[in-house]
Every structure is written in structure tokens, then in C-alpha cells.
Amino acid sequence: MPPRRAPSQGSIAPSRAPTPQGDEAEDVSYFDTVDELQQHGINVQDILKLKSAAINTVSGVNMTTRRQLLKIKGMSEAKVEKIKEAAHKILGSSFATGVEVQDKRKRVNLISTGSKSVDSILGGGLSANARSVYGEFRTGKTQLAHTMSVVAQLPPEMGGASGKVAYIDTEGTFRPDRIKSIADRFGVDGTMALENILYARAFNSEHQMELINECSLRFAEDKDFRLLIVDSIMALFRVDYSGRGELSERQQKMLSKLTKLSEEYNVAILLTNQVQSDPGATMTFVAGGALKPIGGHILSHASATRMFLRKGRAEERVAKLVDSPDRPESEASYKLDEGGWSDV
């Protein structure tokens, strides 16, 4: 595969407030912005049209079908073909050897959950691709989101990724004071930790999709982002749509976009989710028993890893790894305290 060219320094947004730095030399060249297309004969106006459709990287062009590109106002078939050709020239062949894939996987960030026992069943922590966590109330879903918002900013040797966090809140449960108390546990300045979290409150499912598209633009401008949290992923869809007509299509579009974001920018994605009763599962031995995550099979297929949370004895909570491409089913205990998720 031809070597990837690092984007020009002029396209990089000013760095964030000081946090422990990792080795960023490789991260800078992880993706090419759509501005690179200009060097291959694509005019600025067409590049701006791509950005208006939330396509901000050359990989994003590759991931978008010709049919979708033609839906962008002002795009003709000739322009779309020219853009596709330019993208293929920059990216080279889509095929790679197993060794090359292995080398690329080494660049994927692992972010700790705050509990070493839970990290162990995940293979070291949360990595790129969508990871969904579901469970009933008081099992620590939002607490995990808060904990990882701080941990992601720590250096790799402390279980972090030396980066910023984007946090989309659909239920209004984000608490800055909670971030500060978790930051104290890790010896991080609370105000600095909050400075490195880009927060947005989503009020309906359409707004949620708009915010996810905006994340694409933010990630392209600022290459320091390492984690995107959506807490919770299906809450607004549950309110906006009662039937199955348009719901599945909208879910698929959103989850497809999230998966592409992770691939494009090497960003880990944490999705929390609610549960609902499943009367048909009361007699079956499945994780969660009569409880199943909202979103059904669509969310299940979109999430590379799924983890079910339940209450244990007293203050203990149990995380069960239900589905993972590279880890066996297993359980681990954790607890919730002032410093977020921690070991029992």
C-alpha cells in the first residue's frame, strides 16, 4: 500500500489546553481531509459541498456511495466520478495484507473503564468501533460515560489516550461536578478535564443526528479527539417514534454514521442504552434474562462489542460481555464510588 501523506500543518486546529501527551506522530497521518482532493483537480466549491454533507475526509468519500453523493446539491455524475477517482488515487488499494492490518490495529487506542477487572474482559479497555453498554437504572451507564470522559485524557500508561472527548447527552444527565470528582481520583485538574470535553445536549432524534454530523467536522479540524460518547443512544428515538415504519431506517443511518466516524478518525465510541422487558425471554438462559436492549438487532449488529450491566450484592455491580469479535463471554465485578467506576 503506498505511504500515506501527512496533512499540512496549516489544516490542524490549535492544540487543546495542556494534557499529558502520547506519541502523536502517527496519529497526525491517520486520515486525509477532503482538502487533499484539491491537489488532484477537485475545485474548492465541490469540496465545500462535500463538507456541507458531513463528508470531511478522503476515507469518508470512499465510504459514501455514488448515489448518496449525487443527492448533494450541485453534484453531477461527472463530478462524482472525478471525486471518486481522486479519492482512490490518494488512498490507494483498499486491500491490505494481514500484517498491515495488524500494524494498523496497533495504532488503535485502548481506553480504560476505570475498573481493571472490567478492562480485563474487554482486552485492556474500550477501543475503536462502537461499543454499546446496556442495563437498567442504577447500574452505572452514565457513571461509565463520566469516568471515561476523564480517563480518555490521561496518558496511555494510565489507561488513557491523551485526547479530547465529545459527549452527546440525550437525557440531560451530564454533571460537571461529577467530572471534577472523578478528575480528583486521577490527579487531574477538574477545570482542565472539563475544558477537554466537547459537550452537546440533543433534544430530539433529528438534532442528535445533526450533532453526530457536526462531530465529523470537529474531528477533521481537531485531530486530538479520542472518544465519542452518546448517552443514551436510543432514548430520543424511543420518544419520537412509536412504530417501526421509519424508525429502523433512521436508526440504521445514525449507527452507520457512528461506525464510519470510528473508522475514519480512529475514535473510540461508547454508546449507552436503556433496556425493555422481553416476556418471550423469561424461560431462556440469555444475558439479562427478560431484559433486552432498545434498538433490537439493528443496534446489536452495529455494535462491535456489547456489555450488559446488572446489579449485584450490596454496592457490587456486574458487567457481562455479551458479544465481542475477539473476546469470549465473561463477567467482571465493579462498583460505583466518588471516583466513578472502580474495582470492588
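Remember, it's a predicted structure, so these values are computed and weren't measured experimentally.

J.: Explain the environment of G123 to me, and be specific about the residues and the numbers.
T.: Within the fold, G123 resides in the loop between α7 (116-122) and β1 (129-135). Along the backbone, G123 and D326 are 203 residues apart, and their C-alpha atoms lie at a distance of 8.5 Å. If we ignore the near neighbours within four places in the chain, the residues touching G123 are L110 and R327.

J.: Give a description of the nonpolar core that names residues and reports values.
T.: Grouped together as the largest cluster of nonpolar side chains are 34 residues, with contacts concentrated most on I111, V118, L227, L270 and M307. For this core, the element with the highest residue contribution is helix α8 (residues 141-151), accounting for five residues. Once you skip the residues sitting within four places of it in the chain, M307 turns out to touch V118, I121, L122, S132, V133, Y134, A319, K320, L321, V322 and W341. Listed in part, the 27 residues of the second largest apolar core include A166, L228, M234 and L271.

J.: Hey, could you go over the sheet that holds strand β2 (residues 164-169) for me, with residue numbers and the actual values?
T.: One open sheet holds the nine strands; their spatial order is β3-β2-β4-β5-β1-β8-β9-β10-β11, and the pairing between them is mixed. This sheet does not close on itself; its edge strands, each paired only once, are β3 (197-201) and β11 (340-342). Going from strand to strand, the sheet's axes swing by 25 degrees on average, the running direction of each strand aside. Summarising the sheet, strand β9 (residues 316-323) and strand β10 (residues 330-337) pair through six bridges and their orientation is antiparallel. Bridge pairing in β10 places E316 opposite K335. Sheet strands touched by helix α9 (residues 176-185): β3, β10 and β11. Its angle to β11, the strand with the most contacts, is close to 35 degrees.

J.: Could you give an account of the pattern of salt bridges, naming the residues involved and the relevant values?
T.: Following the criterion strictly, the structure yields ten salt bridges and no others. In this structure, K51 and D35 form a salt bridge, with 3.0 Å as the shortest nitrogen-oxygen distance. With K51 in helix α2 (residues 44-52) and D35 in the loop between α1 (25-28) and α2, this residue pair connects regions lying 16 residues apart in the sequence. Looking at K51, the relative accessible area reads 30%, which means it is partly exposed.

J.: An account of the pairing of strand β8 (residues 305-311) is requested, with residue identities and associated values reported.
T.: Counting buried positions along β8 yields five of seven residues, so the element is predominantly enclosed. Pairing between β1 and β8: five bridges, direction parallel. Considered in β8, the bridge of V133 is made with M307. Of the pairings in the sheet, the one linking β8 to β9 comprises six bridges and is antiparallel in character. Residue pairing for β9: R306 is matched across the bridge by D323. Count of turn residues in the β8/β9 antiparallel hairpin: four residues, of which A314 carries a positive phi of about 50 degrees.

J.: Give me the packing of aromatic side chains: which residues, what numbers.
T.: Evaluated as defined, the whole model comprises eight aromatic pairs. Judged by centre distance (5.3 Å) and plane angle (45 degrees), the rings of Y134 and F308 are tilted. Linking Y134 in strand β1 with F308 in strand β8, this pair joins segments that are 174 residues apart in sequence. A residue is classified by how much of its surface remains accessible, and F308, at 4% relative accessible area, is buried. Here the aromatic rings of F219 and F225 are separated by 5.1 Å at their centres, their planes lie at 40 degrees, and the arrangement is tilted. Residue F219 is classed as buried on the basis of its relative accessible area of 2%. A network of ring pairs unites the aromatic residues F31, F219, F225 and Y265 as a single cluster.

Rules of the game
- Residues numbered from 1 in each chain as written.
- Predicted model: local features only at pLDDT ≥ 70, side-chain atom pairs only at ≥ 80, totals over all residues.
- Heavy atoms only, no water.
- Helix = DSSP H or I, 4+ residues; strand = E, 2+ residues; numbered from the N terminus.
- Contact = heavy atoms within 4.5 Å.
- Core = buried A, V, L, I, M, F, W, Y, C linked by side-chain atoms within 4.5 Å.
- Buried < 20%, exposed > 50% of the residue type's maximum accessible area, 1.4 Å probe, protein only.
- Pairing = 2+ DSSP bridges.
- Axes fitted to C-alpha atoms, helices over the stretch in contact; angles between N-to-C directions.
- Salt bridge = Lys/Arg side-chain N within 4 Å of Asp/Glu carboxyl O.
- Phe/Tyr/Trp six-rings, centres within 6.5 Å; stacked < 30°, edge-to-face > 60°.

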